[in-house]
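Remarks on the overall topology
Chain by chain, the residues:
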Amino acid sequence: MAKQKSKMAKAKLSDEAREAKERVEAHPMAVPFLWLGRKSVQDNFIFLPLIGLIITIVLGLVFPPEHEAPWDFFASWAVIGFCAYSAVVFSAEPLFKLLARDENYYGEGSDNG
Amino acid sequence: MADLLLHLNPGFYFIFAGILCALLPVNIVRKSLLVLTPVFAAFMIFQIYGAQEVISGVISVGPQELITLRIDRLSMVWGYIFCLAGVLNGIYGFHERCRITDSSALIYMGAAVCGVFVGDLLSLFIFWELAAISSVMLVWMGGEGAYKAGIRYLAIHVLSGVLLLAGAVIYGQSNGGDYTFGNIGIDAPGGKLMLIAMGIKCGFPLLHNWIQDAYPKASITGTVILSAFTTKLALYALARGYAGTDILIYIGALMTVFPVFFAVIENDLRRVLSYSLNNQLGFMVCGIGIGTPLAMNGVAGHVVADVVFKGLLFMSMGAVMLRTGTAKASELGGLFRSMPYTTVFCLIGAGSIAAFPLLSAFVTKSMIISAALYSAENSHAIKDWIVLAMLLFASAGVMEHSGIKVPYFTFFAHDSGRRVEEAPWNMLVAMGLASLLCIFFAFPWGGYQFLYSLLPYDVKYHPYTGDHVVFQLQLLFAAMLAFAFLKRIGAYPHERRAEILDFDWTYRKLGLGIVHWMSEMWTRLSVNISRVSMRLIKGTGQKFYHIFSPAGTMSQSTPSGFAAVLTAGMLVVTLIFIYIGAS
């Protein structure tokens, strides 16, 4: 527990040091939003869609669909969204193995840097 | 004079301005023309079109009558959005000093505007080809690496034009010389040829590769301009000629799905957006196939929304490329620190394409999906439900490539350490205006109602019903949750530099390989043929020499009986040949 606390304190310290450096380099309009770059914020981003999803699932009971598709059931759109997105992401690795070649495969160089 | 202007296709103003730009050395005058010409053209459309269809500018070329101006509710939508895109593109490219880009951009826009406002197929063909020829300059302005892509782009578009002309001639001849561009249908003579021609320009599956090949290689401004016109002109042609053609429903559904799988593994973010463009075109092609008034309104509305939000996304990637020199996801990240305005504009574009409530596609794409749902409800056919399921799957897929991938890997993700300047003021103004339009077209109090007033049919669709908002958010939040979850467990793939093979491999590698092989084989064959024929000629000559030369067999003393038999034999053979020849 103490180890974890010291690890978190270290991470916080490094975040603060990084942000202090970034404050000098960043665009003035971006300074109030530098916290978006913190690791803790990026790690905890998951709670934003999770809360949004729970609220909309509950609201789905209040506003049932006017036109139902055969696959409509409780929270069906959430299931479709999650599964479809996951399917696309999980297809990436096998597709990359199958279709990826060296950047200069066609002998025309790589575009866009 | 004023009366004459009312009979002139507004696209001609762009073409005149484009020719003028080619001659003008003063940059500021050219830039002013780029912004003011679309404003003037839009004003003229407003002046010409009342409530009724306008047909004018009829020119006789030999026995043929060309209708150079036809404005009705369908073409008017495309005309206005092309002018709007022209203004945004003009502002976006204000910093660039390139006479070729300015001139070809205006001629290209003019060809597209002329294309939607002509009333016959032959005139359409002329502007179809002019759009191809003028736009290839924008590809070539992308630099040395764009040359070959430009050649391929030109070849494919010229082929599309040739098919259109062939189909139009067959269609016109079967109609007694009437080339009027109205509803054609796939079963009409020449109908299939014209559908393929439009399909090439529209990015049908397997005919789509020119988009991902040429657009990412064009210049920064060029890509933004290209994204607005060519494919939308083809969509107009499809909407005019093939509304309600069943096969388009399935082609469109396929178009929405397959680009999602390529976009997820692509590292070049401008190519990701090109796949995304293909995906959005799929929704519109599907809507044209359904062909009901709601679907057609959805198509026209989504064309307006797509030109703006897709332009906005390409603009933001262009701004990033201008400042960092790259659009590779693997090289970017953390740019929100340096380019905060561009980040916000990109997020608005991403939210719009993903169809978040209060952003444009929430209204327009939903009309197409609702039309697909009503169509499936009425028909109870499994194939229609499958189409609907494909559209829903693609909606979640859009969230992956354009909603999350593009903004996340550019502006957030890991910090690439790049500290660059914010985009130039003109780019920010263009992106700001596009962002405002993305919000305006979905604004519940007067915004989407204004968009509805432009659509070809009267609209009774209400986008902000409780169930629509809730279920759309459910889909999008679930997709975002999946992203965050997969990222957290390390299952989300890292961005890697690579060339991703697509169907263009068949002509860029396989086809080219076959041509090289055939050329090599032909060279070898011709060498061997000449060697064999030389040997044959030489051998025959030697044989004759041995027989007939002064030292040959015939000159040697032989028994007179044998010589007589030989001569008689030769005489018989000669007589047989003469006999056969004479008969």
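Keep in mind the model is a prediction, meaning the values are calculated, not measured. (Residues numbered from 1 in each chain as written. Chains lettered and ligands numbered in written order. Predicted model: local features only at pLDDT ≥ 70, side-chain atom pairs only at ≥ 80, totals over all residues. Heavy atoms only, no water.)

1. Observations concerning the overall build of chain A
When helices and strands are tallied, chain A shows four helices and one strand. In chain A, the order of α-helices and β-strands from amino to carboxyl end is α-α-α-α-β. Counting over 113 residues, chain A shows a buried share of 34%. Carbon together with sulfur atoms contributes 69% to the accessible area of chain A, which is approximately 7,400 Å² in total. (Helix = DSSP H or I, 4+ residues; strand = E, 2+ residues; numbered from the N terminus. Buried < 20%, exposed > 50% of the residue type's maximum accessible area, 1.4 Å probe, protein only. Areas by Shrake-Rupley, 256 points an atom, 1.4 Å probe, with all protein chains shown as cover.)

2. Some remarks on the pairing of strand β2 (residues 64–71) of chain B
Residue and element names in this part refer to chain B. Burial analysis of β2 places seven of its eight residues in the buried class, which makes it a mostly covered element. Summarising the sheet, strand β1 (residues 54–61) and β2 pair through seven bridges and their orientation is antiparallel. Counted as the bridge partner of Ser56 is Leu69 from β2. Connecting the antiparallel pair β1 and β2 is a turn made up of two residues, with Gly62 showing a positive phi of about 65°. (Pairing = 2+ DSSP bridges.)

3. So, the packing of aromatic side chains
Summed over all chains, the structure comprises 30 aromatic pairs over all chains. Both rings, one in Phe261 of chain B and one in Phe393 of chain B, keep their centres 5.8 Å apart while their planes meet at 20°; by these two values the pair is stacked. Here the residue Phe261 of chain B occupies a position in helix α11 (residues 246–265), and Phe393 of chain B occupies one in helix α16 (residues 382–411), the gap between them amounting to 132 residues. The exposure class of Phe261 of chain B is partly exposed, given its relative accessible area of 23%. Judged by relative accessible area, which is 18%, Phe393 of chain B ranks as buried. Between Phe440 of chain B and Phe450 of chain B the ring centres are 5.7 Å apart and the planes differ by 50°, which places this aromatic pair in the tilted class. Separated by ten residues along the polypeptide, Phe440 of chain B in helix α17 (residues 425–440) and Phe450 of chain B in helix α18 (residues 447–454) bring together distant segments of the chain. Here the aromatic cluster, defined as three or more aromatic residues joined through ring pairs, consists of Tyr85 of chain A together with Tyr408, Phe409, Phe483 and Tyr492 of chain B. (Phe/Tyr/Trp six-rings, centres within 6.5 Å; stacked < 30°, edge-to-face > 60°.)

4. Some words on the domain arrangement of chain A
Each domain of chain A was delimited in the assignment, giving domain 1 (2–63) and domain 2 (72–99). Put simply, the middle of domain 1 of chain A and the middle of domain 2 of chain A, counted by C-alpha atoms, are 26 Å apart. (Domains from an automatic or database assignment.)

5. Observations regarding the domain arrangement of chain B
All names here are of chain B. Partitioning chain B into structural domains gives domain 1 (1–154 + 217–240) and domain 2 (243–503). The gap between the C-alpha centroids of domain 1 and domain 2 is 25 Å. The partner domain 2 presents 38 residues to the 29 residues of domain 1 that form the contact. In total, about 2,800 Å² of surface goes out of reach between domain 1 and domain 2, with carbon and sulfur atoms giving 77% of it. Together, Arg73, Leu88 and Tyr92 form the three largest contributors to the area buried by domain 1 at its contact with domain 2, with a combined 21%. Connecting domain 1 to domain 2 are two salt bridges. For Lys232, the salt bridge identified is with Asp306, shortest N-O distance 3.0 Å. The interface formed by domain 1 and domain 2 includes ten residue pairs in polar contact (both at pLDDT 80 or more). Residue assignment for the side of domain 1 that touches domain 2 shows that the elements contributing at least two residues are α4 (73–92) and α10 (220–241). Broken down by class, the residue content of the side of domain 1 that touches domain 2 amounts to 19 nonpolar, seven polar and three charged. (Contact = heavy atoms within 4.5 Å. Buried area = accessible area lost by both parts, 1.4 Å probe. Salt bridge = Lys/Arg side-chain N within 4 Å of Asp/Glu carboxyl O. Polar contact = N/O pair within 3.5 Å; in protein donor to acceptor, adjacent residues only side chain to side chain. Nonpolar A, V, L, I, M, F, W, Y, C, P; charged D, E, K, R; others polar.)

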